Protein chains: 2
Amino acid sequence: MKKYLYIIAILLFSNTVVAQRAPSLNSPEVKPDQRVTFYYYSRTAKSVSLNGEFLKNAEPMIKDTSGVWSVTVGPVKPDIYPYFYTVDNVQISDPNNTHVFANERFKRSILDVSGPLPLVHSLQNVPHGKIDYRYYNSVTLDTLRRVLVYTPPGFNPAGKIKYPVLYLIHGGSDTEETWTKVGRANLIADNLIAAGKATPMIIVMPYGNVRPKEMADFTKDVLNNVVPFIEANYPVIKDSKSRAIAGFSVGGGQTLNIGLTNTDIFAYVASYAPYTATEEFKKNFSSWSPDAKLLNNKLKLFTISVGTDDFLYESVKQNIAMFTEKGLLLKTYIVPGGHSWMNCKLFLASTLQEIFK
Amino acid sequence: MKKYLYIIAILLFSNTVVAQRAPSLNSPEVKPDQRVTFYYYSRTAKSVSLNGEFLKNAEPMIKDTSGVWSVTVGPVKPDIYPYFYTVDNVQISDPNNTHVFANERFKRSILDVSGPLPLVHSLQNVPHGKIDYRYYNSVTLDTLRRVLVYTPPGFNPAGKIKYPVLYLIHGGSDTEETWTKVGRANLIADNLIAAGKATPMIIVMPYGNVRPKEMADFTKDVLNNVVPFIEANYPVIKDSKSRAIAGFSVGGGQTLNIGLTNTDIFAYVASYAPYTATEEFKKNFSSWSPDAKLLNNKLKLFTISVGTDDFLYESVKQNIAMFTEKGLLLKTYIVPGGHSWMNCKLFLASTLQEIFK
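What counts, and where the lines are drawn
Residues numbered from 1 in each chain as written. Chains lettered and ligands numbered in written order. Predicted model: local features only at pLDDT ≥ 70, side-chain atom pairs only at ≥ 80, totals over all residues. Heavy atoms only, no water. Helix = DSSP H or I, 4+ residues; strand = E, 2+ residues; numbered from the N terminus. Buried < 20%, exposed > 50% of the residue type's maximum accessible area, 1.4 Å probe, protein only. Polar contact = N/O pair within 3.5 Å; in protein donor to acceptor, adjacent residues only side chain to side chain. Contact = heavy atoms within 4.5 Å. Least-squares fit on C-alpha atoms with pLDDT ≥ 70 in both. Pairing = 2+ DSSP bridges.

Moving on: the side chain of Asn103 of chain B. Locating Asn103 of chain B in the fold gives a position in the loop between strand 8 (90–92) and strand 9 (109–113). Asn103 of chain B gets classed as buried once you look at its relative accessible area, which sits at 2%. There is a polar contact of 3.0 Å between the side chain of Asn103 of chain B and the side chain of Asp174 of chain B. Sequence-distant contacts of Asn103 of chain B, defined by excluding residues within four places in its chain, comprise Pro95 and Thr98 of chain A together with Gly172, Ser173, Asp174 and Thr175 of chain B.

Glancing now at the environment of Gly172 of chain B. Residue and element names in this part refer to chain B. Within the secondary structure, Gly172 is located in the loop between strand 12 (165–169) and helix 2 (178–181). Under the relative-accessibility criterion, Gly172 is labelled buried at 16%. Along the chain, Gly172 and Glu104 lie 68 residues apart, while their C-alpha atoms are 9.1 Å from each other.

Here the focus is the relation of the copies chain B and chain A. After a rotation of 180 degrees and a shift along the axis of 0.0 Å, chain B superposes on chain A with an RMSD of 0.0 Å. In the structure described here, the two chain copies are related by an operation that fits a two-fold rotation axis. It is Asp132 of chain B whose C-alpha, among those of chain B, lies nearest the rotation axis, at 2.3 Å. Residue by residue, 100% of the interface of chain B is reproduced at the interface of chain A, so both copies engage with the same surface.

This paragraph deals with the sheet that holds strand 5 (residues 62–63) of chain B. In a beta sheet, neighbouring strands are held together by backbone hydrogen bonds and run either parallel or antiparallel to one another. Residue and element names in this part refer to chain B. The strand order 1-2-6-5 describes an open sheet built from 4 strands, whose pairing is antiparallel. Lying at the two open borders of the sheet, with one neighbouring strand each, are strand 1 (29–30) and strand 5. The pairing of strand 5 with strand 6 (residues 68–73) spans 2 bridges and is antiparallel. Residue pairing for strand 6: Lys63 is matched across the bridge by Trp69.

Next up, the structure:
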């Protein structure tokens, strides 16, 4: 079988620009005891190492006589982790792994380690929603933009059931696919809905990067284009108590900018490890004097989450203090760990169980 | 602005495993005259070159004093092309390009060159369908498998309109995302439906790799799991004249295997540059004695497409001769070019205008 695959591979690409083809490798290979073996093929590389968010330090990989480099690590705590190889100083994703970190600045791969019990983001045999990939017309940005829309199991766009909507924003340099490809937002929602812990909802994942325009144009795009597009095309409840906004990192800052200045639109604001050193945040909040009582009344949930090892931890604590000082009721969710998508999954799972109840 | 982005980038990843961060680069940069500049950042690389299906030979890239390597090529004929960089012997995708070739054996990037007139796969301001990412339970393969389902503009799952269905299979080592991410099947369908040239239809894109099981198990999976799943969950017309099957390369071989042995199910069979040196094909067709008159009556379209520079061209011609000799009515679509996704887009555009009429 292996020989046959290899022959196919050579045949298929013999008239393309690629002369050398690697053998088909099953990488990464997760063993039942949660140890993981990583493979990479190169006859010419002088050194190959593995970097991943499950490792403290890079692990050197060892070449066998057929040119296959490998290393076994772990046991690795069950979770989903980004990783990459460094081949003679060049950082690359794993050529044999189709699970790619959706990002516009780097290419990494995703390791998915399951344990004896399913995790909140595990693919399980429960009813599954689906993710719509579609386009909307952004008048603000004068272009067609892609948006991903999760609809829950049993969703019927023409049915009588109307749904609440969570708007969910990715981190800096991520894309509209990162919340599903790395954050598994769809599977987290499937699992929590199946367990009766989350209300069936629509989750809208826009693309938050509006460069070279100013970040404030994303706020306008959400309010003037994304929300109206969703409300024109999906059966949704059109009041603030049925709209939530959440985001991570740069998207966590955008969440605060969009959510706290539009509490007539969003009654739930959940910010994960927010990056707030932006012009827009400064403009909105540096001399902000909100009517705290009114805001607390409008907001059904205002939460900020962060890991204690996050490089933004001190900044986030300062923002928590700032919002508290201004009289806002604020729920914090502080966990171990850094500025990672492992934590994002926990933050989202927490939010999904608190909104639209 | 650039400085600000750079600071964010450093901040965002200062507690991750990455120490060195590249500047944000707009790569590839397509100029109005269809020349294209490619960028890559490395202070340590000794040589960087560009390989792409729009080039005859690799183009060396030149480093500037800030560590940014670049090369300008073209004008490039408007189309979508795979490309990659070779950095000191290591093949990598473009870190700054989010358009990734969905594949389980290599990582490449996608160059999208538009011209003065929109192409059949161009994103245009026409009504857009959407792509559902969802899971089905494959009893045959004993696992949940992902499938992509394009639904046309105005699609209503609970409405009175029932749709015909095209089952569309990727090539060897591709994934269920390749027909949309590289082949732009959704945009081709959007454009042809908007122009009144294609009947609104559902397009189902399964994952064709069933290794380590035998390829024949994919045939079973399509017939016993995929088709029933679609027919249970979408408003579709359940007769052979409303079912088509098409595929490229290994998927083109699978199309012949599945389609020609199941003409009660599929009345349209469209095979693109089929790879047929497989056990399943041999078993099905090496001593095949079909009732040609009956088959020709059942098949509303049987077509085989290939490029004259395709490395499978001779093999495809032999298969065309074989099927013709057995009395089958067969429409061929022979074009210039090789075993490429540039040609796949043309083949699909042709098929979409011929089926369900």
